[in-house]
Amino acid sequence: MRTALSVVVACVMVLSVVAAVPAAGAATPADDAVPVDDATTDRSPNDADADATERSTVQTGDACAPVANGTAPDDPDSDRLGWENGCWYNESIDVDRSDGLNDTELDAVVGRAMARVEQIRELEFNETVPVEVISREEFRSTRQYNTTTNDTLHQNVKWEAMLMVGEDTDAISVQEQNVGSTVGGYYSPREERIVIVSENTTSPKMNEVTLSQELFHALQDQRFNISAFEQHTEELHNARDGIIEGDGNFVDRLYSERCMAEWNCLLPESSAGGGGGGTTSIHYGMYLLTYQPYSDGPNFVRSIYRSEGWEGVNAVYENPPASTEQTIYPEKYGEDEPTNVSVTDRSSEEWSVPQIENGTVDYAQFGEAGLATMLFYPFYDSGRTETPVVGQRSFFNITAGGQLSATDPINYSTQYTDGWDGDTLYPYVTDDSAETNETGYVWKTVWDSEDDAADFVEGYSMLLDYYGAEPVDERANTYRIADGQYEDAFYVNHTGTTVTLVNAPSVDQLSDVRAGAAPEAESTPTDTATEEPSTDTATATDEPSTDTATATDEPMADDGGMGDGDSDGESTDAETETTASGSGAGFGLAVALVAVALAGVALRRWE
């Protein structure tokens, strides 16, 4: 596996409550913290729809024979859909679940589950996938994070920018703690194996649907080479997972339906703690961000399956979603490509962007899902008592019966973020940042319209207000949080369809992080803050469209010199000041104590 672009697929089973949606980590198991070949299989995505009957090699394993329950159908002359390792998808096996599964029983369960995944998804496994069981303690102890000082600074700044992890907290450690507590299993493309994390390794009591999800991820990698997908930011990871996890969880639903209707499946009862190691130390903000593909992805895939069948779903792997917006609103897939936002470095000599090695990028992107999660996170920060920006009733999808929706539990569309079109964040540090924890950032966002940009400024202003920000006298659109974990200065520049956020330890340092930030306010009170004019412009290209939007970012000059993207989209309107407000209403839900189980996937999100 690649260190930065890893595709370690992990399954998380957590039993929680609606008011405490379960969380999962964002890190990679130790065995995958090394480089991997560009392709894990020689089969290209274009081969995915090849006739499975072309395979002529008969598998020699007969995993189900030792535990056959009655007479099983004869093995086929050649491999075929619905049969793997001597097991038919509808074969009955006799295993004793009371004391877990021994090796023989486990082989049979895995073989039959592979056959069932094939039968549902109409794709043939290229080869058998080994399954290993390890203890949770072993899983935690073998986790290794080969990070540099710049890696740590990068992660700390980006999560501080999300107002989720304070500047004195190690964000990587928080991610470690999350994944160590919640992961129930994962698929390793590098080793082409599945690892189940169990509290009982000698005789594991496995949930067959959980196993089927990991088996399907192995099948995805064999047929579509998902480990080669570009997923170098939080946003791009979530976007690609719209098909990877959307397809996986949609198959899980179909698998579960067959278990309920006709198949005899191993579905052990969940314990109070679920499949993980507890929820007391979970960071819900980080998890809710990574959960988006598992909430919106299945419906995205289902809509394609209903109209185009599995062939249509297979085709998506050749052109995976480019943004979380495209899976939040499936009708935008293939129609509304995100703007690729780039940012010119306008910092003083004292400040610079920490350079990240090993082929990873030095910027972050959170997308519409990330921004929506950021605006809802005060609910958890406040101990589930306050929702100053986005309320519970808006963020959680509650059914008419008062239950959290089992198919789409989270609503990542909010009135403040539904016009997102692109974003890029660059961390800034000094030579002393590793010791002082004093850092900064420039976060540029682009929106579909000026009104959409203004809506985001309104929501973000309420967020700053919740954390105690106060307007700075004689400075335009500048705020200061005087104390606490986010003690910093903030500048909010709204120019047309662009909103640029600048952060620094002090008001005076804002212009050091980005020249022109925190300008002096006009002496005459006005609703519009006018900055020193600039003749430089920035152009945003919304690929693959040929249309362009030109803007003047006052007083900021052309943005396009740093990063891999095109220049960012803006409009020519002057910056509009939005006053922070703390009037956001929160709704107390009677259903907040309803217990629900949510399944998710933890993927490494190191940019």
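Each chain carries its own residue numbering, running from 1 in the written order of its sequence. Thresholds applied to this predicted model are a pLDDT of at least 70 for local features of residues and 80 or more for the giving and counting of side-chain atom pairs; totals over whole chains, interfaces and linings are not thresholded and use all residues. With hydrogens and water excluded, all non-hydrogen atoms of the structure serve as input to the side-chain values.

Draft legend 1. The arrangement of the overall build of the chain in detail. The secondary structure content of the chain amounts to 14 helices and 15 strands. Only heavy atoms enter the contact rule, under which two residues are in contact if any of them lie within 4.5 Å. Here the contacts in the chain between residues at least 6 apart in sequence split such that 77% fall between residues at least 24 apart. Here the accessible surface of atoms and residues is derived via Shrake-Rupley with a 1.4 Å probe, and residues count as covered only by protein chains that are part of the display. Total accessible area on the chain is roughly 22700 Å²; 42% of this is exposed by carbon and sulfur atoms. Comment: elements are numbered from the N terminus, with helices defined as DSSP H or I runs of at least four residues and strands as E runs of at least two.

Draft legend 2. Expanded view of the environment of Ile398. When you line up the elements, Ile398 lands in the loop between helix H11 (392–395) and strand E7 (420–428). Residues Ile398 and Ile410 lie 12 residues apart in sequence; the distance between their C-alpha atoms is 9.0 Å.

Draft legend 3. Layout of the state of the cysteines. Only a pair of cysteine sulfur atoms within 2.5 Å counts as a disulfide in this structure description. Inspection of every chain in the model, using the stated rule, returns two disulfides. A disulfide bridge connects Cys64 with Cys87, and the sulfur atoms are separated by 2.0 Å. Here the disulfide of Cys64 and Cys87 is right-handed, its torsion about the S-S bond being about 110°. Note that Cys64 is positioned in the loop between strand E1 (9–17) and strand E2 (83–84) and Cys87 in strand E3 (residues 87–88), a separation of 23 residues in sequence. Across the pair, Cys87 and Cys64 agree in class, each one buried. Residue pairing for Cys259: its cysteine sulfur links by disulfide to Cys265, the two sulfurs lying 2.0 Å apart. The buried label goes to any residue with under 20% of its type's maximum accessible area, the exposed label to any with over 50%, and the partly exposed label to all in between, with areas taken from a 1.4 Å probe on protein chains only.

Draft legend 4. Broad picture of the nonpolar core. Among the nonpolar cores identified, the biggest contains 59 residues, and Trp159, Met374, Trp443 and Tyr460 are the most heavily contacted of them. The element best represented in this core is helix H13 (residues 450–466), accounting for eight residues. Excluding residues that lie within four positions of it along the chain, Tyr460 makes contacts with Met374, Leu375, Tyr441, Phe490, Val492 and Leu501. Among buried residues, the Ala, Val, Leu, Ile, Met, Phe, Trp, Tyr and Cys ones that are joined through side-chain atoms within 4.5 Å form a nonpolar core.

Draft legend 5. Focus on the environment of Val251. By secondary structure assignment, the location of Val251 is in helix H6 (residues 234–261). Ignoring anything within four residues of it in the chain, the contact list for Val251 reads Ile120, Arg121, Phe216 and Trp310.

Draft legend 6. Fine view of the pairing of strand E10 (residues 478–481). Here, strands pair whenever DSSP counts at least two bridges between them. One ladder, built from three bridges, connects strand E9 (residues 469–471) with E10; its direction is antiparallel. Note on E10: the bridge partner recorded for Pro471 is Tyr479. What sits between the antiparallel neighbours E9 and E10 is a turn of six residues, in which Glu474 has the positive phi angle 65°. Of the pairings in the sheet, the one linking E10 to strand E11 (residues 488–495) comprises four bridges and is antiparallel in character. By the bridge assignment, Arg480 is partnered in E11 with Ala489. A loop of six residues connects E10 with E11, the two strands running antiparallel in sequence, and Gly484 in this loop sits at a positive phi of about 100°.

Draft legend 7. Region of interest: the packing of helix H1 (residues 103–121) against helix H5 (residues 208–224). Packing of H1 against H5 brings their axes to within 9 Å, and their N-to-C directions diverge by 60°. Once H1 is placed against H5, the crossing between them reads as right-handed. Contacts between H1 and H5 involve Val109, Val110, Arg112, Ala113, Met114, Arg116, Val117 and Arg121 from the former and Glu208, Leu211, Ser212, Leu215, Phe216, Leu219 and Phe224 from the latter. For helices, the fitted axis covers only the stretch in contact; all axes are lines through C-alpha atoms, and the angles between them, taken along N-to-C directions, range from 0 to 180 degrees. Note on convention: the crossing is left-handed when the near helix lies turned anticlockwise from the far helix by less than a right angle, right-handed when the turn is clockwise.

Draft legend 8. Local environment of the sheet that holds strand E12 (residues 498–504). Judged by pairing direction, the sheet is antiparallel, and its six strands sit side by side in the order E7-E8-E12-E11-E10-E9 without closing on themselves. At either end of the open sheet lies a strand with only one pairing partner, and these are E7 and E9. If you compare each strand with its neighbour and ignore which way they point, the axes differ by 20° on average.

Draft legend 9. View of the side chain of Gln509. Locating Gln509 in the fold gives a position in helix H14 (residues 507–513). Residue class for Gln509 comes out buried when judged on its relative accessible area of 19%.

Draft legend 10. Just the packing of aromatic side chains, in detail. Any two of the Phe, Tyr and Trp rings considered here, Trp counted by its six-membered ring, make a pair once their centres fall within 6.5 Å; the pair's planes then place it as stacked at under 30 degrees, edge-to-face at over 60, or tilted in between. Applying the stated rule across the entire model yields 26 aromatic pairs. Measuring from centroid to centroid gives 5.9 Å for Phe250 and Trp310, while their planes differ by 55°, and the two rings are tilted. Of the two residues, Phe250 is situated in helix H6 and Trp310 in helix H7 (residues 284–316); the sequence distance between them amounts to 60 residues. What makes Phe250 buried here is its relative accessible area of 5%.

Draft legend 11. Representation of the packing of H6 against H7. Across the interface, H6 lies against H7 with an axial gap of 5 Å and an inter-helix angle of 65°. On the basis of the axis angle, H6 is roughly perpendicular to H7. Taken as a pair, H6 and H7 cross one another with a handedness that is right-handed. Partitioning the contact of H6 with H7 into residue classes produces 14 nonpolar, eight polar and six charged. Orientation categories follow fixed angle ranges, with anything under 35 degrees roughly parallel, anything over 145 roughly antiparallel, 65 to 115 roughly perpendicular, and all other angles oblique. Here the term charged refers only to Asp, Glu, Lys and Arg, the term nonpolar to Ala, Val, Leu, Ile, Met, Phe, Trp, Tyr, Cys and Pro, and the term polar to all other amino acids, Gly among them.

Draft legend 12. Spatial organisation of the pattern of salt bridges. A pairing counts as a salt bridge when a side-chain nitrogen of Lys or Arg comes within 4 Å of a carboxyl oxygen of Asp or Glu. The tally for this structure, following the rule as stated, stands at 11 salt bridges. We note a salt bridge from Asp508 to Arg475, for which the minimum N-O separation is 3.4 Å. Of the two residues, Asp508 is situated in helix H14 and Arg475 in the loop between E9 and E10; the sequence distance between them amounts to 33 residues. The network of salt bridges with shared partners includes Glu132, Arg190, Glu191 and Arg193.

Draft legend 13. Seen up close, H7. Take the residue count of a helix, subtract one, and multiply by 1.5 Å to get its expected span. In this model, H7 (33 residues) spans only 30 Å end to end at C-alpha, well below the 48 Å of a helix rising 1.5 Å per residue. Think of it this way: the bend at a residue is just the angle between two axes, each fitted to seven residues, one set ending at that residue and the other starting at it. Of all the bends in H7, the largest measures some 130° and sits at Glu308. Most of H7 sits inside the fold, with 24 of its 33 residues counted as buried.

Draft legend 14. Seen up close, the confidence of the model for the chain. The score called pLDDT rates the predictor's confidence residue by residue, from a low of 0 to a high of 100. Residue-level pLDDT values for the chain average 77, and 72% of them are 70 or greater. When the criterion is pLDDT under 50, residues 1–60 qualifies, and its contacts beyond four places in sequence or with other chains add up to 224 contacts. Confidence drops under pLDDT 50 across residues 525–607; counting only partners more than four residues distant or on other chains, this segment forms 284 contacts.

Draft legend 15. Examining helix H9 (residues 367–376) more closely. Along H9, 10 of the 10 residues are buried, which leaves the element largely enclosed by surrounding structure. All of the buried residues along H9 are Gly367, Glu368, Ala369, Gly370, Leu371, Ala372, Thr373, Met374, Leu375 and Phe376.

Draft legend 16. Representation of a negative patch on the surface within the structure. Patches draw on residues past 30% relative accessible area with no salt bridge. Two like charges within 9 Å are joined, as are two nonpolar side chains (Val, Leu, Ile, Met, Phe, Trp, Tyr) within 5 Å. Neither His nor the chain ends contribute to the count of charged residues, in which Lys and Arg are positive and Asp and Glu negative. By convention, the charge on Lys lies at NZ, on Arg at CZ, on Asp at CG and on Glu at CD. Together, Glu350, Asp431, Asp432, Glu435 and Glu438 give the surface a local cluster of negative charge. Along the chain, Asp432 turns up in the loop between E7 and helix H12 (433–436). Taking relative accessible area as the criterion, Asp432 reaches 48% and is therefore assigned partly exposed.

Draft legend 17. Up close: unusual backbone geometry. Here the phi dihedral of Glu474 falls at roughly 65°; this positive angle occurs in a residue that is not glycine. Among the secondary structure elements, Glu474 is positioned in the loop between E9 and E10. Phi is positive for Ala518, close to 55°, though the residue is something other than glycine. With respect to the helices and strands, Ala518 occurs in the loop between H14 and strand E13 (538–541). Classification of Ala518 by relative accessible area gives buried; the value is 5%.

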